[in-house]
Amino acid sequence: MTAKSCGHKFVFRILLFSVLLCLGQGASASPKITLVEVWCGGDDGLTAKLRDTLENAFKSSSDFRLSAGEKPGTLTVTIPSNVEWKLVGKRTQVFYTVRFSSADNQRCSRTQRW
């Protein structure tokens, strides 16, 4: 498994955990498909890659279905600004914010990663 695919899975696991907490679902909750929209305020390549990774992860999950049009009950996942990065030695450190809210714009959670 490459570091790139491990990173994508790690990002999705963090976000999925946040989403489940936001929705109040535990491990024993009955399966329910949640509509989700991924919005992106950033316009650079790294931010677009994060958006694509999130959308693909939601597509591959049986718990979520991508939606459009802000339907009632839809979870909105927003990347409000460009992903930032800096070199630290030979590694790249990445900074991003993801916000979770309902279709009626009530903020559920915010995840910052660095």
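Just so it is clear, the model here is predicted, and its values are computed rather than measured.

Q: Please explain the pairing of strand β4 (residues 84–88) as it appears in this structure.
A: Residues in a regular strand project their side chains so that they alternate between the two faces of the sheet. With zero of five residues buried, β4 lies mostly on the surface of the structure. Of the strand pairs in this sheet, β4 and strand β5 (residues 91–102) are connected by five bridges, and their pairing is antiparallel. By the bridge assignment for β5, Val 88 is matched with Arg 91. With antiparallel pairing between neighbouring strands as the criterion, β4 and β5 make up a hairpin whose turn holds two residues, including Gly 89 at a positive phi of roughly 65°.

Q: Help me understand the environment of Phe 95, please; the structure alone is not making it clear to me.
A: Looking at the secondary structure, you find Phe 95 in strand β5. Between the C-alpha atoms of Phe 95 and Asn 82, which are 13 residues apart in sequence, the distance is 9.1 Å.

Q: What is the right way to read the environment of Glu 37 from this model?
A: Turning to its location among the elements, Glu 37 is positioned in strand β1 (residues 34–40). When near neighbours in sequence (up to four residues on either side) are disregarded, Glu 37 contacts Ser 67, Ala 68, Gly 69, Glu 70, Lys 71, Thr 74, Leu 75, Thr 76 and Val 77.

Q: Even after reading the chapter, I still don't get the packing of aromatic side chains, so can you show me in this structure?
A: Two numbers describe a pair of aromatic rings. These are the distance of the centres and the angle of the planes. Summed over all chains, the structure comprises one aromatic pair. Summarising the aromatic geometry, the rings of Phe 58 and Phe 64 are spaced 4.9 Å apart at their centres and angled 75° between planes, so their arrangement reads as edge-to-face. Exposure class is identical for Phe 58 and Phe 64. Each is buried.

Q: Looking at this structure, how should I read the pattern of salt bridges?
A: A side chain with one charge can pair with a side chain of the opposite charge if their charged atoms come near. Under the definition given, this model contains one salt bridge. One salt bridge connects Arg 51 with Asp 52, and the closest N-O pair in it is separated by 3.0 Å. Residue classification places Arg 51 among the partly exposed residues on the basis of a relative accessible area of 26%. The class for Asp 52 is partly exposed, based on a relative accessible area of 31%.

Q: How should I be thinking about the nonpolar core in this particular structure?
A: Val 36, Leu 50, Leu 54, Phe 58, Leu 75, Val 77 and Val 98 are the most contacted members of the largest nonpolar core, which has 13 residues in total. Looking at this core, the elements that each hand over two or more residues are β1, α2 (45–60), β3 (75–79) and β5.

Q: For this particular structure, what's the right way to read the side chain of Thr 47?
A: Summarising the element assignment, Thr 47 is placed in helix α2. The exposure class of Thr 47 is buried, given its relative accessible area of 0%. Not counting residues within four places of it along the chain, the set of residues in contact with Thr 47 comprises Cys 40, Gly 42, Ile 79, Ser 81, Asn 82 and Val 83.

Reading the values: rules and limits
- Residues numbered from 1 in each chain as written.
- Predicted model: local features only at pLDDT ≥ 70, side-chain atom pairs only at ≥ 80, totals over all residues.
- Heavy atoms only, no water.
- Buried < 20%, exposed > 50% of the residue type's maximum accessible area, 1.4 Å probe, protein only.
- Helix = DSSP H or I, 4+ residues; strand = E, 2+ residues; numbered from the N terminus.
- Pairing = 2+ DSSP bridges.
- Contact = heavy atoms within 4.5 Å.
- Phe/Tyr/Trp six-rings, centres within 6.5 Å; stacked < 30°, edge-to-face > 60°.
- Salt bridge = Lys/Arg side-chain N within 4 Å of Asp/Glu carboxyl O.
- Core = buried A, V, L, I, M, F, W, Y, C linked by side-chain atoms within 4.5 Å.

Everything listed is a geometric property; what it means functionally is a separate question.
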